[in-house]
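Single-letter residue listing:
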Amino acid sequence: MTIDGSTELPVIDRPPSPETKGTYAFVSLGCPKNLVDSERMLGLLQIDGYQLVQEPDGADFVVVNTCGFIENAREESFASIDAMLELKREGRTRGVIVTGCLAERQKEQLLDDRPEIDSLVGVFSRDEITRVADRLLGDMHEQRTVFHPAPLRALSDTDRLRVTPRHFAYLKISEGCDRLCTFCAIPKMRGKHASKPLEDVLLEARQLAADGVRELIVVAQDTTYYGIDIYGEPRLTELLRELNSIEGFEWIRLMYFYPMYIDDELIEVIANSEKIVPYIDIPLQHADDTMLRRMARRVTRGETETLLEKLRSGIPGLALRTTMITGFPGETTEQFEAMKQFIEQQQFERLGVFTYSFEPDTPAASLPGHVAPETMQERQDVLMQLQKKHAFSFAQSQVGSTQDVLIDTPLEGEVNVWSGRTFADAPDVDARVYVTGGEQQIAAGQFVSCEIVGSQGYDLIAYAIEHGR
């Protein structure tokens, strides 16, 4: 079984010892923040004596950590739950535990629709996972739901069993969100913004460095808001200075910036830090002022353009990633054209486009002027074709340069060919670099100095010119 659809789970290739409390399989869906929750539950189950196995078929129980963000994500979660319930009906596993955002969002409704689920565990009850497993294997079924209110401080993420490759890891610095964008249900599932205290973040970061992490990826629902709820002011700048001083990391990557609280000091720290790569993920969602107001984004196109200009001028070689939504309720042809023109103007190195997802428990659901699905799809296609041109041009512009490439995996079916990433590429969402080693010794987790010799669509072709470090 794979986690997050791609990463192989660690497996102990021996039968369970007499001390093992039971075996389990794990399915993790959704974003990197949800993956951190999965790793925390995996770690707690391991500490408590449960043994992780690769296949759910034959495991004592299965945990499905779900995503409930948009309709497509919910459909994927339902499909995974149903597949595990079918195994249970066939007697090939004893129980199914459902955790995460979908459990939090639907609560008892999920049990009504799928009564064969053994237990539901909410987002903020994840640390109860071992108690839930104990009750399941002890045939104690009277309490089938565990839901705790959102905490005032983000939960600790120490003692994780990481399922990413050893050389990179996600560091979640806060939970929840105060933005209340009208299309988004995250505050209903993840609660209000809750920062993790600075000392707790740094403790976790040092643990990750000691565990061999070389690329640290900082994530949150709203990264730039970090610290306001605890300290009365943003503290991301201070946090980044501290992270930059931790030995072991070579890259620190920044994800999920909201276009507020990005000041000159933060830009300077990013530009001048030895380890923070010039890459920022800053979801913008639209570029028309009317649409931005309807989305409750609390920023205008003009303010966004000023910010992007400051970022690019202040951080040399910056690669910007963003996302846009087509077909938000009321979006006219003219407003779509404004977004298209904005994308042509900005030429983002990385951009994803999503069609609006109708979420019945959000304010946007009651807005007038819902756009036909085929129109949303057509507009998405137009923007992705536009972005393809920009992205291919960016890839071609890298040819002839020498860059450090972080090696992730050998390329299956090839001899001495590896898949890796440059500073401009976050795992799973951005482009790849395909590296041939020549006489150089290459291994996963190494940084290899490469000559970029060609491009293939979004991706790069490179030749290793130095041994990996």
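Residues numbered from 1 in each chain as written. Predicted model: local features only at pLDDT ≥ 70, side-chain atom pairs only at ≥ 80, totals over all residues. Heavy atoms only, no water.

Caption draft 1: Quick look at a nonpolar patch on the surface. On the surface, a cluster of nonpolar side chains totalling about 250 Å² of accessible area is made up of Val453, Tyr463 and Ile465. Note on placement: Tyr463 falls in strand β21 (residues 459–464). The exposure class of Tyr463 is partly exposed, given its relative accessible area of 37%. (Patch = residues over 30% accessible without salt bridge, like charges linked within 9 Å, V, L, I, M, F, W, Y side chains within 5 Å. Areas by Shrake-Rupley, 256 points an atom, 1.4 Å probe, with all protein chains shown as cover. Salt bridge = Lys/Arg side-chain N within 4 Å of Asp/Glu carboxyl O. Helix = DSSP H or I, 4+ residues; strand = E, 2+ residues; numbered from the N terminus. Buried < 20%, exposed > 50% of the residue type's maximum accessible area, 1.4 Å probe, protein only.)

Caption draft 2: A look at the nonpolar core. Core analysis: the largest hydrophobic core is formed by 49 residues, its most contacted members being Leu243 and Leu311. It is helix α7 (residues 198–210) that provides the largest number of residues to this core, a total of six residues. Apart from residues no more than four positions distant in its own chain, Leu311 is found in contact with Ile262, Ile267, Ile280, Leu318 and Leu320. Among the nonpolar cores identified, the runner-up in size contains 38 residues, and Met41, Leu44, Ile97 and Leu406 belong to it. (Core = buried A, V, L, I, M, F, W, Y, C linked by side-chain atoms within 4.5 Å. Contact = heavy atoms within 4.5 Å.)

Caption draft 3: View of the sheet that holds strand β18 (residues 417–421). Strands sit in the order β17-β18-β19-β21-β20 around a closed barrel of five strands; the barrel is mixed. Averaged over all neighbouring strand pairs, the angle between strand axes comes to 50 degrees, with direction disregarded. By the bridge criterion, six bridges tie strand β20 (residues 447–456) to β21 in an arrangement that is antiparallel. The residue bridging Gly454 from the neighbouring strand is Ile461, located in β21. (Pairing = 2+ DSSP bridges. Axes fitted to C-alpha atoms, helices over the stretch in contact; angles between N-to-C directions.)

Caption draft 4: Fine view of the packing of aromatic side chains. Tallied over the full model, the rule gives nine aromatic pairs. Consider the rings of Tyr24 and Phe61, whose centres lie 5.6 Å apart with planes at 15 degrees: the pair is stacked. Taken together, the residues span a long stretch of sequence, with Tyr24 in strand β3 (residues 22–28) and Phe61 in strand β5 (residues 61–66) at a distance of 37 residues. The same class applies to Tyr24 and to Phe61, which are both buried. Members of the aromatic cluster, joined through ring pairs, are Tyr24, Tyr50 and Phe61. Here the basic side chain of Lys107 rests over the ring of Phe147, its NZ or CZ set 5.2 Å away from the ring centre. Just above the ring of Phe168 sits the side chain of Arg421; from NZ or CZ to the centre is 5.3 Å. (Phe/Tyr/Trp six-rings, centres within 6.5 Å; stacked < 30°, edge-to-face > 60°. Lys NZ or Arg CZ within 6 Å of the ring centre and 35° of its normal.)

Caption draft 5: Examining the pairing of strand β9 (residues 168–172) more closely. With five of five residues buried, β9 is to be regarded as a mostly interior element. Side chains of β9 alternate between two faces, with Phe168, Tyr170 and Lys172 and Ala169 and Leu171 buried alike.

Caption draft 6: Quick look at the pattern of salt bridges. The final tally for this structure, using the stated rule, is 46 salt bridges. Ionic pairing is found between Glu90 and Arg92, a salt bridge with its closest N-O pair at 2.2 Å. What makes Glu90 partly exposed here is its relative accessible area of 40%. Given the relative accessible area of 33%, Arg92 is considered partly exposed. In this structure, Arg241 engages Glu265 in a salt bridge whose closest nitrogen and oxygen atoms are separated by 2.9 Å. Of this pair, Arg241 sits in helix α9 (residues 236–244) while Glu265 is found in helix α10 (residues 264–272), placing the two residues 24 residues apart along the sequence. Within the structure, one salt-bridge network assembled from shared partners comprises Asp37, Glu39, Arg40, Arg126, Asp127, Asp157, Arg160, Lys172, Glu175, Arg190, Lys196 and Glu204.

Caption draft 7: Structural context of helix α1 (residues 32–47). Spanning 16 residues, α1 covers 22 Å between terminal C-alpha atoms, matching the ideal 22 Å at 1.5 Å per step. Of all 16 residues that make up α1, 14 are buried, and the element is covered over most of its length. Within two residues after α1, Gly49 carries a phi angle of roughly 105 degrees, on the positive side. (Expected span 1.5 Å × (residues − 1).)

Caption draft 8: Focus on helix α14 (residues 373–397). The end-to-end C-alpha separation of α14 is 36 Å, in line with the 36 Å expected for 25 residues at 1.5 Å each. Listed as buried for α14 are Met376, Arg379, Gln380, Leu383, Leu386, Gln387, His390, Ala391, Phe394 and Ala395. Tucked into the core, α14 has its buried residues touching β15 (319–326), α13 (333–346), β16 (350–355), β20 and β21.

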